[in-house]
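One-letter residues, chain by chain:
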Amino acid sequence: MTARTMQAHPAGEEAAEAAIAHGASGMPTALVGMLLFIASEVMFFGGLFATYFSARAGVPAGAWHPPEPGHLDLPLAAVLTAVLVASSFTMQFGVWAIRRGDPGKLRLWTAITLGLGILFLAGQLYDYSQLGFSIADSSFGTVFYTLTGFHGAHVFGGVVGLTIVLARTTRGQFTARNHVAVEAVSMYWHFVDVVWIFVFSTIYLLR
Amino acid sequence: MATTTLEPPAGAPAYQRFWVLDWLTTVDHKKIGILYIVNSFLFFFAAGILALVVRSELAVPGLQIVDQDTFNQAFTMHGTIMLFLFIIPALSGFANYIVPLQLGAPDMAFPRINALSFWLLPLGGGLIFSGYLFGGAAAEGWTGYAPLTQQGGVGTDLWIIGLLLVGTASILGAVNFITTVFKMRAPGMTLFRMPIFVWTVLVTAVLILLATPVLAAGLIALFIDRNYGGSFFDPSVGGNPILWQHIFWFFGHPEVYIVILPAMGVVSEVLPVFSRKPLFGYKAFVFATIAIGFLSWTVWAHHMFTTGAVFLPFFSFMTALIAIPTGIKMFNWLATLWRGKLMLTTAMLFALGFISMFLIGGISGVMLASPPIDFHVQDTYFVVAHLHYVFFGGSVFGVFAATYYWFPKMTGKKLNEPLGKVHFWIHFIGFNLAFFPMHQLGLSGMPRRVSDYSPDAGWTILNMVSTVGAFMIAVSILPFLVNVVATFINGEPAGDDPWEGNTLEWATTSPPPPYNFDRLPPIHSERPLFFLTHGHGHAAERPADLEEDEAEDVEHRKGLV
């Protein structure tokens, strides 16, 4: 009997909340906002990719390469890609953990994700320091640094978001029912990851 | 002693801040809406003065008042400020104030983001204007075509940064509006019971959300070109100036509908109320709005016919296609007026002005959609005439219709009607004097964005007429300002519902309390308040009737079985 009443209580609470709050059904308001924001970000990167393909189309065939001796570091970029893709998985493990009501696991997975994000940024900065061409050298240099740079800025934004999630979960602010910030940051992190897959494929693979 | 005292009194805020601090820190959508509107009108006056500089210089041949560079700065800033800091934010301001009320919501979905969107505007606008302090403002025209932008001074960089801030404000606002529409509607307020104004704001927000980031990408690329030696747009280092035009107009054409759709929504609120009829063809209007939003993505290159770099038949056809949903709206409005009991209030006059002036702008738009005509008048005053008939005759008339219509809700006081009519008629006549002659000037070859012309060209008289018209528009603003100030001091109290409106904003007090509604009327249609105050005409007890009918029906069917 006791177990039954305890089970019934959260359900009743939820129904009461749904009756009070506007639009409490369906996707949480904050996630709707995040999805719309991501839609606008897709268009932003769409614009940058348009500049990339336009610049590429304006260069004679075969001339579309970084000026010597500045070859792109494909192995390093591939490793960084693996790092970022892995961080999407670790982020999702954290989301699943808090959905089950396990803030300890969320904290662990968020910390790992944050570490992988910082590793990616560090790797990108190292890559920049080793490349033998600049933004002003050629059309390639311009679009390369613009695309990867703005992606990096978005990774940095995600790192800030992850830091906030980590701080808040350390203070025990997330529960199985109340963790919309975790879901929002994870959505954004997956988006940044997917953008990188497009950036990587376009710049490194589509030679 | 059976008196009950409420402490604090009902409706009063629990604590009172110093009023300046209150306005600076507010997250109430109504106060933010008013901040938007006031801020927009300040930029309107600034950009209007720049327009007078341009028109004064062009009144007679020769350079009398300003040098060529100042002239270029004046028309560039006029266009930029009017579009990005007056029309869009003014309509956003009304949307901010009215949309939550019309949805029966207590506020926007994200009140603090709402405040952020507003405060980015004066910051961005200030940066754009600050070019005047640092060796001259941007001077490439509001379209910022490459490679002209390579030549500009620091004013151009400030223009880029300012526009990025204003664009960010727009994007955040769009996220907020869309989320509000989908998550904050009152019980019973289904999508197809939303007022038309909300529908137009929703479609506008989708356009802003998806178009503005593309401009942001272009502006950032331009900034990199100018400051870090990039080669996106500058042909001298291998860039492609046509790319800028593609990016700019891929944003810029949806932008045109961002500017006009909410004004269409305002007109669709004002016309039914003052015709004493429901809007004719509600659903057709909604689908026409969605269709315009959709088509706006397919027509950007009609600004680029003469580049020779675009496929003319496609863009010409798609552009002409937009006349169909727009024409549907025209007939919606006309059929709404047909046999209505018209009340020619100032708001109604501005709405009727919108319809007639926007019609002229729409027709010259279809003319420009035809490449043979466009090649002939590209970059002439014909285009200037066209865009002012849609932006000014359309959107700005919509802003004034909204101002006269919703001022009583926002302040509790009605603007003076006779003074409003003086404003309208001077404005309307001045507008046509200023911009109608430009059609003829363009057809006879006068290029836009020139500070001087030959006395032998035969353009002198029409230019003088146009300048007189521009000053008439400026004069018409005086009775408007007097009206606003006098009404604030000693205006006629409006009451909750001065116009006998249809929609929920009139169901609460004027001005509404911070939480908007004590109680909401039942919402069974797109005109909940009309049915609350007037009943359903002969079918005042309609729900009961319906129940009886249905009960009879059921009995009947049982009999059949």
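Everything below is about the structure printed above this text.
The following paragraphs examine the structure supplied in this document. (Residues numbered from 1 in each chain as written. Chains lettered and ligands numbered in written order. Predicted model: local features only at pLDDT ≥ 70, side-chain atom pairs only at ≥ 80, totals over all residues. Heavy atoms only, no water.)

### Regarding the packing of helix H2 (residues 29-57) of chain A against helix H6 (residues 154-183) of chain B
Then, number 1: Two elements in contact, H2 of chain A and H6 of chain B, have axes separated by 9 Å at closest approach and are oriented at 140 degrees. Taken together, the axes of H2 of chain A and H6 of chain B are oblique relative to one another. As for the relative orientation of H2 of chain A and H6 of chain B, their crossing is right-handed in sense. For the pair formed by H2 of chain A and H6 of chain B, the contact residues are Thr29, Val32, Gly33, Leu36, Phe37 and Ser40 of chain A on the first element and Ile171, Val175, Ile178, Thr179 and Lys183 of chain B on the second.
Then, number 2: The residue inventory of the contact of H2 of chain A with H6 of chain B, partitioned by class, reads 6 nonpolar, 4 polar and 1 charged. (Axes fitted to C-alpha atoms, helices over the stretch in contact; angles between N-to-C directions. Helix = DSSP H or I, 4+ residues; strand = E, 2+ residues; numbered from the N terminus. Parallel < 35°, antiparallel > 145°, perpendicular 65-115°, else oblique. Left-handed = near helix turned anticlockwise from the far one by under 90°. Contact = heavy atoms within 4.5 Å. Nonpolar A, V, L, I, M, F, W, Y, C, P; charged D, E, K, R; others polar.)

### Observations regarding the pattern of salt bridges
Residue and element names in this part refer to chain B.
Then, number 1: If you walk through the whole model with that rule in mind, you get 5 salt bridges over all chains.
Then, number 2: Where Lys30 meets Asp28, a salt bridge forms, and the shortest distance between an N and an O atom there is 3.2 Å. The two residues Lys30 and Asp28 agree in class, both being buried.
Then, number 3: One salt bridge in this structure joins Arg226 and Asp157, with 2.8 Å as the shortest N-O distance. Of the two residues, Arg226 sits in helix H7 (residues 196-228) while Asp157 sits in helix H6, which places them 69 residues apart along the sequence. Taken as a pair, Arg226 and Asp157 share a single burial class, namely buried. (Salt bridge = Lys/Arg side-chain N within 4 Å of Asp/Glu carboxyl O. Buried < 20%, exposed > 50% of the residue type's maximum accessible area, 1.4 Å probe, protein only.)

### Some details on the interface of chain B and chain A
Then, number 1: With 31 residues of chain B at the contact, the number on the chain A side is 29 residues.
Then, number 2: Counting the contacts that link chain B with chain A gives 0 salt bridges.
Then, number 3: The interface formed by chain B and chain A holds 3 residue pairs in polar contact (both at pLDDT 80 or more) in total.
Then, number 4: Of all the secondary-structure elements, those providing two or more residues to the side of chain B that touches chain A are H6, H7 and helix H8 (241-275) of chain B.
Then, number 5: The greatest single-element share of the side of chain B that touches chain A, amounting to 9 residues, is contributed by H7 of chain B.
Then, number 6: For the side of chain B that touches chain A, a count of residues per class yields 22 nonpolar, 7 polar and 2 charged. (Polar contact = N/O pair within 3.5 Å; in protein donor to acceptor, adjacent residues only side chain to side chain.)

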